[in-house]
Amino acid sequence: MTSRIQHIIDEINLKVSALHQKLKDERAKNMDQQNQISNLQGDISKLKKDLEERNLRLKNVEEELAVQRSQHVEVPGSLKRSDAEIEELVKEIDYCIQQLKK
C-alpha cells in the first residue's frame with residue numbers, strides 16, 4: 001500500500017509541477033501583454049499630442065485666413081474699368097498728346 005501511496009504522491013507532484021510551469025508561462029505572457037499595452041498607450045499619448053498640435057496649427061491658419069479675407073478689399077463695380085473703356089481712354093490720351101504736339 002505504501003508503494004501505491006508513493007506513486008499517487010509522485011503523480012500529484014508531477015501534476016503540481018506541470019501546473020506550476022503553466023502558471024509561470026501564463027505570467028510571462030501576461031507581462032509581455034502588459035508591456036505591449038504600456039507601449040501602445042505611450043503611442044496613443046504621442047498621437048493625441050500630435051493631433052492637438054495639428055488642430056492648434058489648423059485653428060491658427062483658419063484665423064489667419066479669416067483675417068486675410070476680412071482685409072481683402074473688393075473694388076466696387078463702378079470703379080472697375082472694362083478693356084473697352086481702358087482702350088477708349090488710351091485713344092483719348094493719344095489724341096490729346098497729338099494735339100499738344102501741334
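Residues numbered from 1 in each chain as written. Predicted model: local features only at pLDDT ≥ 70, side-chain atom pairs only at ≥ 80, totals over all residues. Heavy atoms only, no water.

A. Spotlight on the overall build of the chain. Counting its regular elements, the chain contains two helices and zero strands. Relative to the 2.2 N^0.38 estimate, which gives 13 Å for 102 residues, the radius of gyration of the chain is 44 Å and therefore markedly larger than a compact globule would have. In the chain, buried positions account for 0% of the 102 residues. Positive and negative charge centroids in the chain, built from 18 and 19 side chains respectively, lie 8 Å apart. (Helix = DSSP H or I, 4+ residues; strand = E, 2+ residues; numbered from the N terminus. Rg over C-alpha atoms; globule rule 2.2 N^0.38 Å. Buried < 20%, exposed > 50% of the residue type's maximum accessible area, 1.4 Å probe, protein only. Lys, Arg positive; Asp, Glu negative; His and termini not counted. Charge placed at Lys NZ, Arg CZ, Asp CG, Glu CD.)

B. Quick peek at the environment of Glu92. With respect to the helices, strands and loops of the structure, Glu92 is situated in helix H2 (residues 83–101). Here Glu92 falls in the partly exposed class, since its relative accessible area comes to 46%. Along the chain, Glu92 and Ile37 lie 55 residues apart, while their C-alpha atoms are 82 Å from each other.

C. Expanded view of the environment of Lys29. Counting through the fold element by element, Lys29 comes out in helix H1 (residues 2–71). We classify Lys29 as partly exposed; its relative accessible area is 49%. For the pair Lys29 and Leu89, spaced 60 residues apart in the sequence, the C-alpha separation amounts to 88 Å.

D. Spotlight on the pattern of salt bridges. Evaluated as defined, the whole model comprises two salt bridges. Residue Asp50 is joined to Arg54 by a salt bridge in which the shortest nitrogen-to-oxygen separation is 2.9 Å. Separated by four residues within a single helix, Asp50 and Arg54 lie in helix H1, roughly one turn from each other. (Salt bridge = Lys/Arg side-chain N within 4 Å of Asp/Glu carboxyl O.)

E. Region of the structure containing a nonpolar patch on the surface. Taken together, the side chains of Met1, Ile5 and Ile9 make up a nonpolar region of the molecular surface, amounting to roughly 330 Å² of accessible area. Its place among the elements puts Ile5 in helix H1. (Patch = residues over 30% accessible without salt bridge, like charges linked within 9 Å, V, L, I, M, F, W, Y side chains within 5 Å. Areas by Shrake-Rupley, 256 points an atom, 1.4 Å probe, with all protein chains shown as cover.)

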